[in-house]
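What the coordinates show
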Amino acid sequence: MELEHTTVNLRVGVGKFFYGHGCIRELAAETARLGGKPLVIGGPTAVKLILGLCEAEFRAAGVTPLVRVHTGACSRTWAGRYKEEALQNGCTLILGVGGGKCLDLAKCAATFAGLDLICVPTSVATCVASSSVCIMYHDDGTPDGSVAMSKEVDVVIADTDVIATAPKRLLAAGIFDSLAKLPEVVHNTQIESYQDCTLEKYICTVNSRAIYEFLMGEGPRVYDQGLASGRFTDVILTNLLHTSVVSGFSCGVNQLALAHGLYDFLRRSFTAQAAHLLHGEIVAVGILMQLKFNRMADAYVLGVRRLMAHMQLPTRLPDLGFEPTPENLQLLVDYLLPATGLSPADEPRLRAAIAEIC
């Protein structure tokens, strides 16, 4: 019997991942290696910071950046505009600097243009710098699905000293966005060994557990002490690369569980109310719901809630601009059941989990 031919396009990691104190010095050489003419996409603060740090090195390496300060949405429309600008001006690569919105936009523009890509994250709020999926939004802020990259990000430069200047709010959000991987990976499943699931799923589980243990152990001290904790650079590696490895082995799709399901629901249905919240702040509240759904002990859930409060994160739905009225709760249930692979029989258990965050 002839076996069916299958091909999996697994995009995990990045071409080069620089991290540590002063590694921003690598940017000029890496940009020159990729042709030396980047279209730079980033927010006003990030662009000023990164280009200021690299001005002399860029000049010495003959790098001539075309800079676009972006303050709009991370949308396919904007990505298409930047693609055209890059190609019309003979740019050889896209250079994204800043936070998740601008980095995803840069990734999408590079994908559309077929150009190489360097990402320079200025916080650890998400793993977007090294993931191979671009999360997109309409210009009004509502979700617009994702764009799969045709290859991994070519270069990530995550300078410890640059990232340490980001507000602690971004650090807290990033820690909880990464913590969400473990409870979400095991959403509605029971995985004890590699025999319980596919190897890809088991790789996700093992890596997610390592991320969870490290961040629960070291996250509070890093949040309180920053660079003085001695583990800040390890959090950079965890949030910006290790977490994206989990996403990569999930192939970037079909991994929506309750924590990120809550995020997606609020961005879709309560866009204005949640507009001021960071990705990880919404996901953090969703983690409590996910833990309850996973039947974790009350003391365990309470420990996570206390850490959230310590990091000044929202802990309940009203903190997210969502009033848990019967009508609103029904909307949430009606969205989460199909979106996260649950059946109508799971509704009582889901409602009990939602009650944990009301």
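Residues numbered from 1 in each chain as written. Predicted model: local features only at pLDDT ≥ 70, side-chain atom pairs only at ≥ 80, totals over all residues. Heavy atoms only, no water.

Turning our attention to the packing of aromatic side chains. In the structure shown here, the tally under the stated rule is eight aromatic pairs. On the basis of an interplanar angle of 25 degrees and a centroid distance of 5.6 Å, the ring pair of W78 and Y82 is categorised as stacked. Note that W78 and Y82 are positioned in helix α3 (residues 76-88) at a spacing of four residues, about one turn of the helix. Exposure remark for W78: the relative accessible area of 26% places this residue in the partly exposed category. Given a relative accessible area of 3%, Y82 falls into the buried group. Ring plane angle 70 degrees and centroid distance 6.5 Å describe the contact between Y194 and Y202, whose orientation is recorded as edge-to-face. Over the aromatic face of W78 sits the side chain of R81, whose NZ or CZ is 4.5 Å from the ring centroid. Stacked on the ring of F293, the Lys or Arg R349 has its end atom at 3.9 Å from the ring centre. (Phe/Tyr/Trp six-rings, centres within 6.5 Å; stacked < 30°, edge-to-face > 60°. Helix = DSSP H or I, 4+ residues; strand = E, 2+ residues; numbered from the N terminus. Buried < 20%, exposed > 50% of the residue type's maximum accessible area, 1.4 Å probe, protein only. Lys NZ or Arg CZ within 6 Å of the ring centre and 35° of its normal.)

Below, the discussion takes up the nonpolar core. If you look at the biggest cluster of nonpolar residues, it comprises 95 residues, and the most contacted ones within it are F176 and L262. A per-element tally of this core places helix α11 (residues 279-293) first, with nine residues. Core analysis: the next-biggest nonpolar cluster, separate from the first, contains 22 residues, V40, L51, I118 and V120 among them. (Core = buried A, V, L, I, M, F, W, Y, C linked by side-chain atoms within 4.5 Å.)

Scanning all chains against the criterion turns up one cavity of 30 Å³ or more. What lines the largest cavity is G98, G99, G100, L103, P121, S123, A125, T126, V128 and L240. Across the lining of the largest cavity, the residue classes tally to five nonpolar, five polar and no charged. (1 Å grid on protein atoms, 1.4 Å probe; cavity = no way out; pocket = protein on both sides within 12 Å on 5 of 7 lines; lining within 4 Å. Points joined across faces, edges and corners; volume = space filled by probe spheres on them. Nonpolar A, V, L, I, M, F, W, Y, C, P; charged D, E, K, R; others polar.)

Here strand β4 (residues 93-98) lies mainly inside the structure; six of its six residues are buried. Two elements, strand β2 (residues 38-42) and β4, share five bridges in a ladder whose sense is parallel. Following the sheet pairing, P38 is matched in β4 by L93. Bridge analysis of β4 against strand β5 (residues 116-121) gives six bridges, and the strand direction is parallel. In the sheet register, I94 faces β5, and the bridge partner there is L117. Following the chain from β4 across helix α4 (residues 100-113) to the adjacent parallel β5, one finds a crossover that is right-handed. (Pairing = 2+ DSSP bridges. Right-handed = clockwise from strand over helix to strand, strands pointing away.)

The next point concerns helix α10 (residues 258-269). Counted at 1.5 Å a residue, the expected span for α10 with its 12 residues is 16 Å, and the 16 Å between its end C-alpha atoms agrees. Among the 12 residues that make up α10, 10 are buried, leaving the element largely enclosed by the rest of the structure. Taken as a whole, α10 has its buried residues at L258, A259, H260, G261, L262, Y263, D264, F265, L266 and R267. (Expected span 1.5 Å × (residues − 1).)

Here the focus is the layout of surface pockets. Approximately 390 Å³ is the volume attributed to the second largest pocket. Around the second largest pocket, the lining is made up of 16 residues, and of these L182, V186, T189, N294 and M296 lie nearest the centre. Counting only elements with at least two residues in the lining of the second largest pocket, the list comes to α7 (181-185) and α8 (199-225). Looking at the lining of the second largest pocket residue by residue, the class counts come to eight nonpolar, four polar and four charged.

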